[in-house]
Amino acid sequence: KSYVMRTDDWDEYPNGRWGDSTSPAFGELSELSHFYSFTLGSADDDIRAMLGNCPLVESDVYEVFARYVEGTVPHIPWCETPLHPESFLVQPQLARLNRYGLLTVNSQPPVDGVSSNHPAFGWGGNGGRVYQKAYVECFVSPDKANRLTRMVTSHPNMNLYAVNYAGQEL
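A few points on the structure. (Residues numbered from 1 in each chain as written. Predicted model: local features only at pLDDT ≥ 70, side-chain atom pairs only at ≥ 80, totals over all residues. Heavy atoms only, no water.)

## What about the pairing of strand β3 (residues 129–132)?
Covered by surrounding structure in β3 are V130 and Q132 only, the residues R129 and Y131 on the alternate face being uncovered. Two elements, strand β2 (residues 111–115) and β3, share four bridges in a ladder whose sense is antiparallel. Bridging from a neighbouring strand, V114 pairs with V130 of β3. (Buried < 20%, exposed > 50% of the residue type's maximum accessible area, 1.4 Å probe, protein only. Helix = DSSP H or I, 4+ residues; strand = E, 2+ residues; numbered from the N terminus. Pairing = 2+ DSSP bridges.)

## Some details on the side chain of Q132
Residue placement: Q132 occurs in strand β3. Taking the relative accessible area as the measure of exposure, Q132 reaches 16% and is therefore buried. Polar side-chain contacts of Q132 include one of 3.4 Å to the side chain of E86. In this structure Q132 touches E86, Q108, P109, P110, V111 and F121, once residues within four positions along its chain are discounted. (Polar contact = N/O pair within 3.5 Å; in protein donor to acceptor, adjacent residues only side chain to side chain. Contact = heavy atoms within 4.5 Å.)

## Observations regarding the pairing of strand β1 (residues 103–108)
Buried residues dominate β1, accounting for six of its six residues. With five bridges connecting them, β1 and strand β4 (residues 135–139) associate as antiparallel partners. Bridging from a neighbouring strand, S107 pairs with V136 of β4.

## Notes on the environment of T81
Inspection of the secondary structure puts T81 in the loop between α3 (58–70) and α4 (91–100). On a C-alpha basis, the gap between T81 and Y68 in space is 9.8 Å, while along the polypeptide they are 13 residues apart. Residues in contact with T81, not counting those within four places in the same chain, are Y68, P74 and H75.

## Regarding helix α5 (residues 142–153)
Here α5 is twelve residues long and its end C-alpha atoms lie 16 Å apart, about the 16 Å a rise of 1.5 Å per residue gives. Elements in contact with the buried residues of α5: α3 and α4. (Expected span 1.5 Å × (residues − 1).)

## Remarks on the pattern of salt bridges
Throughout the structure, instances matching the rule amount to three salt bridges. Here E63 ties to R99 by a salt bridge, and the two come within 2.8 Å at their closest N and O atoms. Taken together, the residues span a long stretch of sequence, with E63 in helix α3 and R99 in helix α4 at a distance of 36 residues. Among the residues examined, R99 registers a relative accessible area of 36% and is labelled partly exposed. With a closest N to O distance of 3.6 Å, R147 and D143 form a salt bridge. (Salt bridge = Lys/Arg side-chain N within 4 Å of Asp/Glu carboxyl O.)

## Topic: α3
In this model, α3 (13 residues) spans 19 Å end to end at C-alpha, consistent with the 18 Å of a helix rising 1.5 Å per residue. Residues Y62, V64, F65, A66, Y68 and V69 constitute the buried set of α3. A positive backbone phi angle near 95° is found at G71, which sits one or two residues after α3.

Pasting the structure below:
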């Protein structure tokens, strides 16, 4: 299962991009929320200008994801809001991963005991501490998934959970 599927009922934690809108951790809904009608702009020409008129090669799609992470594309159909400030810490690395063809849709940087009041990483009540492991969730081609699996296997401090489009674990 994907991270989203495994954590969609975690009301006591931030719910991210696809969480339960009734949870206090979800925050305010915006006009761009996926619970409202989603638009990328006022006209089809605006949408094409932002996302690219006609992707001809895979790298054209990779570039849209990278530009979203860098903030030059304000939102894409999978992510209706700009990148959250906590991701600014890993923004260059995310852009590089996207340009390589690991199309990131969810991620978080590592955090080791910052205050729950921290402007980018904090959540929950006053006086708490936030700890989180780094992770990236992405779409990737079968070839790159196999290469990534081999790479992670040779690094004992890394974990990988990968499933293909049929739901089979790699």
